[in-house]
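Structural overview for review
Letter by letter, the chains look like this.
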Amino acid sequence: MTDPVFLITGASRGIGAAVARQAAAAGHRLVLTGRTAAPLEALADEFGGPSRALARVADVTDWTALTSVVAEAEERFGRLDVALANAGASVVTSFLGTTGAPPEEWRDLVLTNVYGPALTARATLPALLKTRGHLLFTGSAAGRGVRPGNLYAATKWAVTGLAQAIRAECVGTGIRVTLLQPGLVDTESIPPSRANDPRLHPDDVARAVLYAVGQPPHVDVNEIIVRPAGQRN
Ligand SMILES: NC(=O)c1ccc[n+]([C@@H]2O[C@H](COP(=O)([O-])OP(=O)(O)OC[C@H]3O[C@@H](n4cnc5c(N)ncnc54)[C@H](OP(=O)(O)O)[C@@H]3O)[C@@H](O)[C@H]2O)c1
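Remember, it's a predicted structure, so these values are computed and weren't measured experimentally.

A few points about the packing of helix H4 (residues 106-131) against helix H5 (residues 151-170)
Their axes nearest at 9 Å, the elements H4 and H5 cross at an angle of 15 degrees. Considered as vectors, H4 and H5 are oriented roughly parallel to each other. Taken as a pair, H4 and H5 cross one another with a handedness that is right-handed. Where H4 abuts H5, its residues Trp106, Leu109, Val110, Asn113, Val114, Pro117, Ala118, Ala121 and Leu125 lie against Leu151, Tyr152, Thr155, Lys156, Ala158, Val159, Leu162, Ile166 and Cys170. Residues of the contact of H4 with H5, tallied by class, amount to 15 nonpolar, 2 polar and 1 charged.

Here's what the structure looks like:
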């Protein structure tokens, strides 16, 4: 079996699940991870069961869990071709303290959004090196401009830097690195303050991911920004 193998963190819903469905339709075998077993297992069943998809619980801040999933994926499928570091969290913040979540909740935000993709990269790159594979990150349009008081945006600036640092380290290896920077997407992570703003569907972002992955090996799509028409920044 030579069908390519695609690992996704945060695959249980939203953007991750949409990418999983489009990747499966394009012939990829899937490695689906997140913190909740039931939706991952339901997706794996949808894709044809154990020969086509592996569903495993792994918190992206847990190094041992991530490396175990990659090892199991290589053992089950014999290869890893694509990894999408997608899992992320969103919390409303204010540094003046006038609104938003208490600082005790900021730690998990930073760990999930910054430490998580860094660990995902470190866990998957040795396997991607063997296949001259493709590593992608779900950053955000918030990782480009200034958003007042917004720690989430700062974590996505960190993802921008992470993707660039990893791409620079991977030059000459054949590994491709892509940073996705979506604008507002209609998922559970939208803050109530943006409920009436223009938004993308998760499938819109998934198409951008599959575009980058589907390029020939000599084409490295490094950044894709995709906003809903009408989004200001
Ligand atoms: N929605 C937007 O407007 C938007 C815009 C730009 C970028 N993004 C980014 O897109 C990515 C996906 O978000 P989404 O909008 O699709 O949100 P979502 O529907 O809330 O999905 C988040 C996914 O991440 C998983 N997850 C959360 N924390 C995790 C952890 N510590 N370890 C492993 N998995 C974890 C969740 O599953 P469990 O809870 O079961 O673990 C879920 O599968 C995030 O990085 C987000 O920042 C979103």
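Observations concerning the pairing of strand E6 (residues 176-182)
Most of E6 is tucked away, with 7 of its 7 residues classed as buried. Burial along E6 is two-sided: Arg176, Thr178, Leu180 and Pro182 and Val177, Leu179 and Gln181, pointing in opposite directions, are all buried. Relative to E6, strand E5 (residues 134-138) runs parallel, the two being bridged by 5 bridges. Looking at the pairing, phenylalanine 137 lines up with leucine 179 of E6. Taken together, E5, H5 and E6 form a β-α-β motif whose crossover is right-handed. Both E6 and strand E7 (residues 223-226) contribute to a ladder of 4 bridges, which runs parallel. Each bridged residue has a counterpart across the sheet, and for glutamine 181 the counterpart in E7 is isoleucine 225. Once you follow E6 into helix H6 (residues 202-213) and on to E7, the crossover reads as left-handed.

Reading the values: the criteria
Residues numbered from 1 in each chain as written. Predicted model: local features only at pLDDT ≥ 70, side-chain atom pairs only at ≥ 80, totals over all residues. Heavy atoms only, no water. Axes fitted to C-alpha atoms, helices over the stretch in contact; angles between N-to-C directions. Helix = DSSP H or I, 4+ residues; strand = E, 2+ residues; numbered from the N terminus. Parallel < 35°, antiparallel > 145°, perpendicular 65-115°, else oblique. Left-handed = near helix turned anticlockwise from the far one by under 90°. Contact = heavy atoms within 4.5 Å. Nonpolar A, V, L, I, M, F, W, Y, C, P; charged D, E, K, R; others polar. Buried < 20%, exposed > 50% of the residue type's maximum accessible area, 1.4 Å probe, protein only. Pairing = 2+ DSSP bridges. Right-handed = clockwise from strand over helix to strand, strands pointing away.

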